[in-house]
Amino acid sequence: MRIVIKVGTATLYQNEKLSNRIDNLVEFLVELNKTNEIILVSSGAVGAGYTKLKLDKSKIENKQALASIGQPLLMKEYKLRFEKYNQVVSQVLLTASDFDSRKRTKNAKNMIEVLLKNKVIPIINENDAVSIQELVFGDNDQLSAYTTYYFDGDMLVILSDIDGLYDSNPKENKNAKLLKIVEKIDPKLMDTPTNPNDKFATGGIVTKLKSAEFLMNKGLDMFLASGFELDDIKSFLIKGIHKKGTLFKGKKWK
């Protein structure tokens with residue numbers, strides 16, 4: 001099974017510092033890679049850059065600078081941790097425009113196939129340092145959905161500070177119910193205000209719903225779960241037990 005795992009900035013960083021959650025993530029991915037093909041889509045470059053240089057991220061040029069500083073720092077952190085398990089990883093920087101070109105998409109896909117065939121885990125991120133449009137309007141939720149579809153993934157897993165889709169805002173309604181399985185997304189949910197917890201995050205529940213809808217229309221699945229505590233996604237992917245988190249079912253299930 002080819003699984004794309006997307007992890008957000010809010011999961012990787014806490015109080016403007018790299019969280020030990022990255023260690024748990026790496027351990028999980030190494031285990032999962034033994035029996036599956038794994039592609040990691042990782043946010044966090046801007047957050048990593050900010051740990052070295054405090055710039056006002058509201059300015060595009062500053063955010064680009066932070067991304068250029070942070071990208072090698074983030075990859076260094078991943079590389080050091082994966083090396084403990086003798087797991088080889090690679091860095092792949094993409095933009096939305098790479099998926100607009102058949103030739104570039106094919107070239108990227110061929111490269112990904114070589115990496116996966118050799119059990120290398122590709123770590124994909126947006127090329128934020130040069131992609132103004134992606135910085136302003138894009139997010140890695142959408143990038144991970146495109147990665148799943150164009151690189152022949154079977155499922156996208158988004159690990160976030162949002163642990164699933166609820167029938168109402170759980171921060172405002174203590175009786176909000178988790179929706180474990182979603183086969184159709186209510187259009188009204190797309191109008192939910194984007195309010196990510198982390199100041200370096202660019203997404204929220206809406207971007208995740210858009211990614212889910214994109215994949216569902218392609219007949220693919222998406223699973224949304226907490227990246228803070230990996231028990232739910234481990235249970236689902238390794239044990240086949242759906243405890244918590246939301247499974248968005250593609251049309252192939254209908």
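Residues numbered from 1 in each chain as written. Predicted model: local features only at pLDDT ≥ 70, side-chain atom pairs only at ≥ 80, totals over all residues. Heavy atoms only, no water.

When you go through the chain residue by residue, the secondary structure sums to 9 helices and 12 strands. Counting all 254 residues of the chain, 52% fall into the buried class. Across the chain, every contact between residues at least 6 apart in sequence was considered, and the portion connecting residues at least 24 apart equals 75%. Carbon and sulfur atoms make up 49% of the accessible area of the chain, which totals about 12,700 Å². (Helix = DSSP H or I, 4+ residues; strand = E, 2+ residues; numbered from the N terminus. Buried < 20%, exposed > 50% of the residue type's maximum accessible area, 1.4 Å probe, protein only. Contact = heavy atoms within 4.5 Å. Areas by Shrake-Rupley, 256 points an atom, 1.4 Å probe, with all protein chains shown as cover.)

Most of strand 6 (residues 121–126) is tucked away, with 6 of its 6 residues classed as buried. What you see with strand 6 is no split at all: Ile121, Ile123 and Asn125 on one side and Pro122, Ile124 and Glu126 on the other are buried throughout. Looking at chain direction, strand 4 (residues 37–42) and strand 6 are connected through 2 bridges and run parallel. Along strand 6, the bridge assignment pairs Leu40 with Ile123. Bridge analysis of strand 5 (residues 89–94) against strand 6 gives 6 bridges, and the strand direction is parallel. Paired with Val92 across the strands is Ile124, a residue of strand 6. Taking the sense of rotation as the criterion, the β-α-β connection linking strand 5, helix 5 (residues 102–117) and strand 6 turns out right-handed. (Pairing = 2+ DSSP bridges. Right-handed = clockwise from strand over helix to strand, strands pointing away.)

This part is about the nonpolar core. Ranked by internal contacts, the top residues of the largest apolar core, which has 32 residues, are Ile5, Leu29, Tyr78, Phe82, Val157, Ile233 and Leu237. Sorting the residues of this core by element identifies strand 1 (2–7), helix 2 (21–33), strand 4, helix 4 (60–83), strand 6, strand 7 (155–160), strand 11 (221–226) and helix 9 (231–239) as the ones contributing at least two each. Among residues more than four places away in sequence, those in contact with Phe82 are Val26, Leu29, Val30, Gln87, Val89, Ile121 and Ile123. Formed by 31 residues, the second largest nonpolar core is a distinct cluster that contains Ala108, Ile124, Leu156 and Phe248. (Core = buried A, V, L, I, M, F, W, Y, C linked by side-chain atoms within 4.5 Å.)

Our next topic: the side chain of Thr9. Take Thr9: it is sitting in helix 1 (residues 9–12). Using a relative accessible area of 8% as the deciding quantity, one classes Thr9 as buried. At a separation of 3.3 Å, a polar atom in the side chain of Thr9 contacts the main-chain amide nitrogen of Gly44. (Polar contact = N/O pair within 3.5 Å; in protein donor to acceptor, adjacent residues only side chain to side chain.)

Within this structure, the stated rule accounts for 11 salt bridges. Here Lys109 ties to Asp152 by a salt bridge, and the two come within 2.7 Å at their closest N and O atoms. Of this pair, Lys109 sits in helix 5 while Asp152 is found in the loop between helix 7 (140–150) and strand 7, placing the two residues 43 residues apart along the sequence. With relative accessibility at 26%, the residue Lys109 sits in the partly exposed group. Judged by relative accessible area, which is 40%, Asp152 ranks as partly exposed. A salt bridge links Asp141 to Lys208, with the nearest nitrogen and oxygen atoms 3.0 Å apart. In this pair, Asp141 is assigned in helix 7 and Lys208 in helix 8 (residues 205–217), connecting sequence segments 67 residues apart. We classify Asp141 as buried; its relative accessible area is 1%. For Lys208, a relative accessible area of 5% gives the class buried. Members of the salt-bridge network, linked through shared partners, are Arg2, Glu37 and Glu113. (Salt bridge = Lys/Arg side-chain N within 4 Å of Asp/Glu carboxyl O.)

What follows is about the packing of helix 2 against helix 9. Direction vectors running N to C along helix 2 and helix 9 enclose 5 degrees, while the axes themselves pass 11 Å from each other. As judged from the angle between their axes, helix 2 and helix 9 are roughly parallel. Each of Phe28, Glu31 and Leu32 in helix 2 lies in contact with helix 9, whose residues at this interface are Ile233, Lys234, Leu237 and Ile238. Looking at the contact of helix 2 with helix 9 residue by residue, the classes come out as 5 nonpolar, no polar and 2 charged. (Axes fitted to C-alpha atoms, helices over the stretch in contact; angles between N-to-C directions. Parallel < 35°, antiparallel > 145°, perpendicular 65-115°, else oblique. Nonpolar A, V, L, I, M, F, W, Y, C, P; charged D, E, K, R; others polar.)

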